[in-house]
Amino acid sequence: MKRLILKFGGTSVGTIEKIKKVANIIKKRFSEGNEIIVIVSAMTGVTDELKKKSNLISNNFDDKELDVLLSSGEQVSCSLLSGAIIDLGLKARSWQGWQIPILTDANHTSSNIMRIKTEEISNFVSQGGIAVITGFQGVSMDNRITTLGRGGSDLSAVVIAKFFRADSCEIYTDVDGIFTTDPSINNNAKKIDKISYEEMLEMASLGAKVMQPNAVQTSMIDNIPLHVRSAFSEKSGTQIIPESEVDYKKVVTGIAYSKGNAKVSVVGVVDKPGVAADVFEPIGKNNINIDMVIQNTSLDGKKANITFTIKREDLKKTLSLIEKNKQKLNYNKITHDDKLAKVSIIGAGMQANPGVTHKMFRSLADEKINILAISTSEIKISVLIREDLTQKAVKTLHKTFGLN
Ligand code: ADP
Ligand code: ASP
Ligand code: MG
């Protein structure tokens, strides 16, 4: 008998009809002789709606209360799904994070799971019950509700698979698996049968929303293979597995993008040690993530421009932090642009193939897409471009690297 973790995303339980369908998938997997633990997200759109409500109260809504609010979406879908399974004549029960408990740190809105008590649920499933657990939520040591960051039900599934020593962890979603790029913006995207943890982690971190980056990282560290598949078709899906088990046929495996980037340039700072630290220190202390960084120096070597990218929603705060620091930084001016996107090509095959960089840049140039910033790692190259050119860039690169 195998123990399966089945995670259903918000898109898979977005309507009552879909919840009934999912209950039937669960019934089928159970009747094949498996022990079943289900993780479920909030119905699609619900978490966004709750977040909007909190913003109507305040843009600085208390993060502990935000966790109580946002986690409520999972309570609804969890009970509906559990009820639907019971209605099919099976034994099922819902659990919220705090009831198990799923213990997390107190880093509200992006907590990490530390421990999960397994006894009660293990007994329940070994006696033929189907456990349905809320994704995304946990409880801190001081008994406050926490959440794991947006898209966090993926992380719940991976960590639950680890603590319950599951034989497999299946992530059900609204597409057939991991594609060479987001199928919703490029209908030439192709499903990938096997992808390494490393490549999937880059894809997810660079914007491929189909898996939450923390979930992929945890599955990589704990070596928990994932199977991403559709809740609406029987197709075979994608295996996310160790690199040694994937044979690379292409130099580039996939293309990811993220919209909503902003670029800030601090122009004319004195070029001396410590100036970059002075620019970035207050920004970091305010928990704003810096992504790409470029520094260029004037011809006489005395002045420098420091350019960096952040998320669009952090722009206002970032500008005010730099302006507050004007006396110390002694810059000439600040410029900014907040309608930018980052487009990335990802592939472990790149390491052994020089020439990928110029091929990428040439293909964008041929489409008159200007590159505003570049960053690279061993298995990815990212460029910053105008946001309205995102789809064009993705399609062009997809073709250039033989993914169509
Ligand atoms: P869920 O509700 O199952 O958590 P998400 O909306 O979080 O689903 O993720 C699924 C979506 O991710 C797909 O509908 C697709 O548009 C998007 N996506 C982005 N990049 C990719 C990719 N490379 N492969 C598959 N889907 C992708
Ligand atoms: N409901 C949460 C969100 O929308 C968690 C998830 O869907 O995985 O972010
Ligand atoms: Mg998701």
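Residues numbered from 1 in each chain as written. Chains lettered and ligands numbered in written order. Predicted model: local features only at pLDDT ≥ 70, side-chain atom pairs only at ≥ 80, totals over all residues. Heavy atoms only, no water.

1. Focus: the site of ligand 1
Consideration 1: Of all residues adjacent to ligand 1, which total 19 residues, the nearest are T11, T173, D174, D182 and K209.
Consideration 2: For ligand 1, an oxygen atom lies 2.9 Å from a polar atom in the side chain of T11.
Consideration 3: Residue T173 places a side-chain N or O atom 2.7 Å away from an oxygen atom belonging to ligand 1.
Consideration 4: Computed on the free molecule, ligand 1 has an accessible area of 580 Å², of which 87% lies beneath the protein chains in the complex.
Consideration 5: Taken together, the residues of the shell around ligand 1 break down into eight nonpolar, seven polar and four charged. (Near = heavy atom within 4 Å. Polar contact = N/O pair within 3.5 Å; in protein donor to acceptor, adjacent residues only side chain to side chain. Areas by Shrake-Rupley, 256 points an atom, 1.4 Å probe, with all protein chains shown as cover. Nonpolar A, V, L, I, M, F, W, Y, C, P; charged D, E, K, R; others polar.)

2. Thoughts on the site of ligand 2
Consideration 1: The local shell around ligand 2 consists of S41, A42, T47, E74, F136, R150, G151, G152 and S153.
Consideration 2: In the model, an oxygen atom of ligand 2 is placed 2.8 Å from a nitrogen or oxygen of the G151 main chain.
Consideration 3: Computed on the free molecule, ligand 2 has an accessible area of 260 Å², of which 86% lies beneath the protein chains in the complex.
Consideration 4: A breakdown of the residues in the shell around ligand 2 according to their chemical character gives two nonpolar, five polar and two charged.

3. A few points about the sheet that holds strand 18 (residues 380-386)
Consideration 1: Here we have six strands laid out as an open sheet, ordered 14-15-13-16-18-17, and antiparallel in their pairing. On the outer flanks of this sheet lie strand 14 (293-297) and strand 17 (373-377), each paired with one strand and no other. Geometrically, the sheet is characterised by an average inter-axis angle of 25 degrees between neighbouring strands, direction not taken into account.
Consideration 2: Together, strand 13 (254-270), strand 15 (303-311) and strand 16 (333-346) form the strand contacts of helix 9 (residues 315-324), whose direction differs from that of strand 16 by roughly 135 degrees. (Pairing = 2+ DSSP bridges. Helix = DSSP H or I, 4+ residues; strand = E, 2+ residues; numbered from the N terminus. Axes fitted to C-alpha atoms, helices over the stretch in contact; angles between N-to-C directions. Contact = heavy atoms within 4.5 Å.)

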